[in-house]
Amino acid sequence: MSSRADTRTKIIVFARAPRAGRVKTRLIPLLGDQGAARLHARLLRRALTTALEADLGPVELWTMRRQRGADLGARMYHAFARSLRRAERVVLIGSDCPVLRGRDLRKAARWLAGGADAVFAPAEDGGYALVALRRVSPRLFRGVEWGGAQVMAQTRARLAALGWRWRELPLVWDVDRPQDYRRLERAGLLQ
């Protein structure tokens, strides 16, 4: 990490271990168990590279072994609650959005430092690929229909109910379905 890094900001990468038959399951009919696991490993390496290139501060990989909670919302709440005890800002990304760049993470951190309570990178599928917070509440994540098309819309409603100020990065896409994989191939993002 270079001297530019700011230890007041932490980056967390959420991921599953790349085990055949357990990751990228919607892509198994196209790629097979092993192929889906290899793709997941490549996407994870890219996410970690993006996090390191952002040069914001410590980067932590949180696999399922470290994550705590019954659903994604509970796991994110736990990660933020724990991390915000030691950092002023936390940026969390998953491992399946190859279009995120270090500059996106830096912009999210700048917006938090400038007064936003939260920053999101909405995804085309209705969810989001990045969430950055300078404070956390369980109400932000509770009761969201994770994996559905309304995740970001439900999250915006919770942000408004909390009275938080938030900003959004441009819309991104992630790799979950066969058409996403074909898009990834055309974009040449994992060469």
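Here, the structure is the one placed above.
Thresholds applied
Residues numbered from 1 in each chain as written. Predicted model: local features only at pLDDT ≥ 70, side-chain atom pairs only at ≥ 80, totals over all residues. Heavy atoms only, no water. Pairing = 2+ DSSP bridges. Helix = DSSP H or I, 4+ residues; strand = E, 2+ residues; numbered from the N terminus. Axes fitted to C-alpha atoms, helices over the stretch in contact; angles between N-to-C directions. Contact = heavy atoms within 4.5 Å. Buried < 20%, exposed > 50% of the residue type's maximum accessible area, 1.4 Å probe, protein only.

Colleague: Break down the sheet that holds strand 5 (residues 128–133) for me, citing the residues and quoting the values.
Modeller: By definition, the strands of a sheet pair up through backbone hydrogen bonds, in either a parallel or an antiparallel sense. Taken in spatial order, the six strands make up an open sheet running 2-1-3-5-4-6, and their pairing is mixed. Two strands in the sheet have a free side with no partner beyond their single neighbour: strand 2 (59–62) and strand 6 (166–168). When the angles between neighbouring strand axes are averaged without regard to direction, this sheet yields 20°. Inspection of the sheet shows strand 1 (residues 9–14) paired to strand 2 by four bridges, in the parallel sense. When the bridges of strand 2 are listed, Ile 12 appears paired with Glu 60. Relative to the sheet, helix 1 (residues 28–54) contacts strand 1, strand 2 and strand 3 (89–93), its axis offset from that of strand 1 by approximately 175°. Across the face of the sheet, helix 5 (residues 151–162) comes into contact with strand 4 (118–122), strand 5 and strand 6 while running at roughly 165° to strand 4.

Colleague: Outline the pairing of strand 5, supporting the account with residue identities and numerical values.
Modeller: Of all six residues that make up strand 5, six are buried, and the element is covered over most of its length. As paired elements, strand 3 and strand 5 share four bridges and run antiparallel to each other. For Ile 93, the partnering residue across the bridge sits in strand 5 and is Leu 130. Bridge count for strand 4 against strand 5 is five bridges, and the pairing is antiparallel. Considered in strand 5, the bridge of Pro 122 is made with Tyr 128. The turn linking strand 4 back onto strand 5 is made up of five residues, and Gly 126 within it adopts a positive phi angle of 100°.

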